Amino acid sequence: MQRLPYSASSRAFSHLAQIHPELTAFRRDLHANPELGFEEKYTAARVAEALRLCGVDEIHQGIGKTGVVGVIHGKKHTSRRMIGLRADMDALPIAEQGNCSWKSGKQGLMHACGHDGHTAMLVGAARYLAETRNFDGSAVLIFQPGEEGYAGAREMIQDGLFEQFPVESVYAMHNWPAMRQGTIGINPGAMMAAADRIQINVTGKGGHGAHPYQTNDVVLASAHLITAIQSIVSRNVRAIDAAVVSICAVQSGDLGAFSVTPGSATLVGTVRTFNPDVQGLVERRLGELCQAVGLAFGVTAQLQYERSYPATINTPDEALFAGDVAAELVGEAQVVRNMDPSMGAEDFSFMLQHKPGAYLRLGQAVGDDIIPLHNNRYDFNDDVLPLGAALHAGIVERGMPLATV
């Protein structure tokens, strides 16, 4: 058995450490064959095949387009309880720059967020749970498509996920390169922010750059609008609340037409918040600023505001429970129970709007050379595969324990 560079202790971990090479091979195969949201046909087929080989009791495919759900019944089912475990499966439209032998074989696509590792960890948990069945109830393993901007969690829910599998709670985890491997993070409240998309279409009157008095300059108006937008958080949102407004792209004119004033401009960006009241405030102020700046410069500035993912908010009891499971596995000193929330977003939030549950972070950093998520050189740290799988398994075993005589 390979010696792992961190400490963990549980029956599940010892069991899963024995199959670490198999989990690594599975993860690297997924890494070499990345697929975007709702295109995870190869990934879903590999997951379904792995679940069959594990002896999972039920395998349901095509939930939420390309989602897969496996069900494992414990030694007993007197409690009639069900706990859900979720892993995301999709990749990103990024060209991989790494040099590993399992590098992406698809041009312009890669697993830059570690969903290949998440999937492999849940498959590992499935194998352990199906072999041991040391729980009273049913474990529902949710392999979700389309997390990266496609709202695959919402798609599965709308497709009847929780009607068909009425879990009492649901849990997920995400690898976290900023945390040391062998550590686990959680918070009894907000973990990830809501993510909204904004687009502002500025329309004016184009003309000759030598005669700007004959135009309604959308470039000038857009510049003032971008500056004004940055006042929303600093002057409208309370300092103790959190919000981010970023304009991330601007398109206007033709770089080859240096003396032509364009007649339109498009601004695209994102809003991140935790509190729905703050979210509403930012949306309202954006609309007011668009109207006011447009009027001031003789242009129209039309706001399109799209609420994409809600905030990921752990329920306190489930967060405490998941933290206790983590502490049993790696020791209390290796668990961060009050982890700072991230302004990133996660569509597991849709599941937490329907069911109690918790979202955890699994550390994977080695040394000081930290490659962040969504980077073209990122790769999942295979050393943490048994740890993540054991954490999944521990949630099931401790959450639905067999009665002792």
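Residues numbered from 1 in each chain as written. Predicted model: local features only at pLDDT ≥ 70, side-chain atom pairs only at ≥ 80, totals over all residues. Heavy atoms only, no water.

A.B. asks: Summarise helix 4 (residues 115-132); cite the residues concerned and give the values.
C.D. replies: For helix 4, spanning 18 residues, the distance from its first C-alpha to its last is 26 Å, which sits close to the expected 26 Å at 1.5 Å a residue. The buried fraction of helix 4 is high, at 16 of 18 residues. Within two residues after helix 4, Arg133 carries a phi angle of roughly 55°, on the positive side. (Helix = DSSP H or I, 4+ residues; strand = E, 2+ residues; numbered from the N terminus. Expected span 1.5 Å × (residues − 1). Buried < 20%, exposed > 50% of the residue type's maximum accessible area, 1.4 Å probe, protein only.)

A.B. asks: Tell me about the sheet that holds strand 15 (residues 335-336), and please be specific about residues and values.
C.D. replies: The strand order across the open sheet formed by 8 strands is 1-2-4-3-5-16-6-15, and the pairing between neighbours is mixed. Each edge of the open sheet carries a strand with a single partner, namely strand 1 (58-63) and strand 15. Here strand 1 runs beside strand 2 (residues 67-73); their pairing, made up of 5 bridges, is antiparallel. Looking at the pairing, Gln61 lines up with Val68 of strand 2. Each of strand 1, strand 2 and strand 4 (138-144) is contacted by helix 3 (residues 41-54), which is oriented at about 170° to strand 1, the strand it contacts most. Sitting on the sheet, helix 4 is in contact with strand 2, strand 3 (82-88), strand 4, strand 5 (169-180) and strand 16 (357-365), with an inclination near 145° to strand 3. (Pairing = 2+ DSSP bridges. Contact = heavy atoms within 4.5 Å. Axes fitted to C-alpha atoms, helices over the stretch in contact; angles between N-to-C directions.)

A.B. asks: Can you break down the nonpolar core residue by residue, with the values?
C.D. replies: One finds Leu141 and Phe143 to be the most contacted residues of the largest nonpolar core, which totals 62 residues. When residues of this core are assigned to their parent elements, the largest contribution, 9 residues, is made by helix 4. Contacts of Phe143, omitting those with residues within four sequence positions, involve Val47, Leu51, Gly67, Val68, Ala87, Met89, Thr119, Leu122, Val123 and Met156. (Core = buried A, V, L, I, M, F, W, Y, C linked by side-chain atoms within 4.5 Å.)

A.B. asks: Requested: an account of the side chain of Thr43, with residues and values cited.
C.D. replies: Looking at where Thr43 falls in the secondary structure, it is placed in helix 3. On the accessibility criterion, Thr43 (1% relative accessible area) is buried. Each residue touching Thr43, except ones within four places of it in the same chain, is listed here: Leu30, Asn33, Glu35 and Met89.

A.B. asks: Provide a residue-level description of the pattern of salt bridges, including the pertinent values.
C.D. replies: Under the defined criterion, the tally for this structure stands at 21 salt bridges. Measuring nitrogen to oxygen at the nearest pair gives 2.5 Å for the salt bridge that ties Glu346 to Arg86. Pair noted here: Glu346 is in the loop between strand 15 and helix 11 (348-354) and Arg86 is in strand 3, with a separation of 260 residues, a long-range link. Side by side, Glu346 and Arg86 carry an identical accessibility label, which is buried. In this structure, Arg86 engages Asp347 in a salt bridge whose closest nitrogen and oxygen atoms are separated by 3.0 Å. On the criterion of sequence distance, the pair formed by Arg86 in strand 3 and Asp347 in the loop between strand 15 and helix 11 is long-range, its members being 261 residues apart. Sharing partners across several salt bridges, the network here consists of Arg27, Arg28, Asp116, Asp379 and Asp382. (Salt bridge = Lys/Arg side-chain N within 4 Å of Asp/Glu carboxyl O.)

A.B. asks: How would you explain the packing of helix 7 (residues 218-229) against helix 9 (residues 276-297) if you had to name every residue and give the values?
C.D. replies: Between helix 7 and helix 9, the shortest axis-to-axis distance is 10 Å and the interhelical angle comes to 145°. In this structure, the crossing between helix 7 and helix 9 has a hand that is right-handed. Facing Leu220, Ala221, His224, Leu225, Ala228 and Ile229 of helix 7, the residues of helix 9 in contact are Leu286, Leu289, Cys290, Val293 and Phe297. Tallied by class, the residues present in the contact of helix 7 with helix 9 amount to 10 nonpolar, 1 polar and no charged. (Left-handed = near helix turned anticlockwise from the far one by under 90°. Nonpolar A, V, L, I, M, F, W, Y, C, P; charged D, E, K, R; others polar.)

A.B. asks: Describe the packing of aromatic side chains, and please don't skip the residues or the numbers.
C.D. replies: Scanning the model with the defined rule gives 5 aromatic pairs in all. Seen from their ring centres, Tyr309 and Phe350 are 5.8 Å apart, and the 80° between their planes marks the pair as edge-to-face. Of this pair, Tyr309 sits in strand 13 (residues 300-309) while Phe350 is found in helix 11, placing the two residues 41 residues apart along the sequence. For the pair Tyr309 and Phe350, a shared accessibility class is recorded, and that class is buried. Across from the ring centre of Trp102, 3.6 Å away, lies the NZ or CZ of Arg28, which sits over that ring. (Phe/Tyr/Trp six-rings, centres within 6.5 Å; stacked < 30°, edge-to-face > 60°. Lys NZ or Arg CZ within 6 Å of the ring centre and 35° of its normal.)

A.B. asks: Tell me what's going on with the sheet that holds strand 12 (residues 264-273), and back it up with residues and numbers.
C.D. replies: Strand order across the open sheet formed by 4 strands is 10-12-8-13, with antiparallel pairing between neighbours. Edge strands, defined here as strands with exactly one partner in the open sheet, are strand 10 (243-252) and strand 13. Put simply, the sheet's adjacent strands are angled 20° from each other on average, direction ignored. One ladder, built from 9 bridges, connects strand 10 with strand 12; its direction is antiparallel. Of the residues in strand 12, the one forming a bridge with Ala243 is Thr273. Packed onto the sheet, helix 9 meets strand 8 (194-203), strand 10, strand 12 and strand 13 and runs at close to 165° relative to strand 13.

A.B. asks: How would you sum up the packing of helix 2 (residues 20-32) against helix 4? Please name residues and give values.
C.D. replies: Remark: helix 2 packs on helix 4, axes separated minimally by 9 Å, with the N-to-C direction vectors making an angle of 145°. The interaxial crossing formed by helix 2 with helix 4 has right-handed handedness. Between helix 2 and helix 4, the residues in contact are Glu22, Leu23, Phe26, Arg27, Leu30 and His31 and Asp116, Gly117, Thr119, Ala120, Val123, Gly124 and Arg127, respectively. Residue classes in the contact of helix 2 with helix 4 are distributed as 5 nonpolar, 4 polar and 4 charged.

Read these as geometric descriptors, not functional statements.
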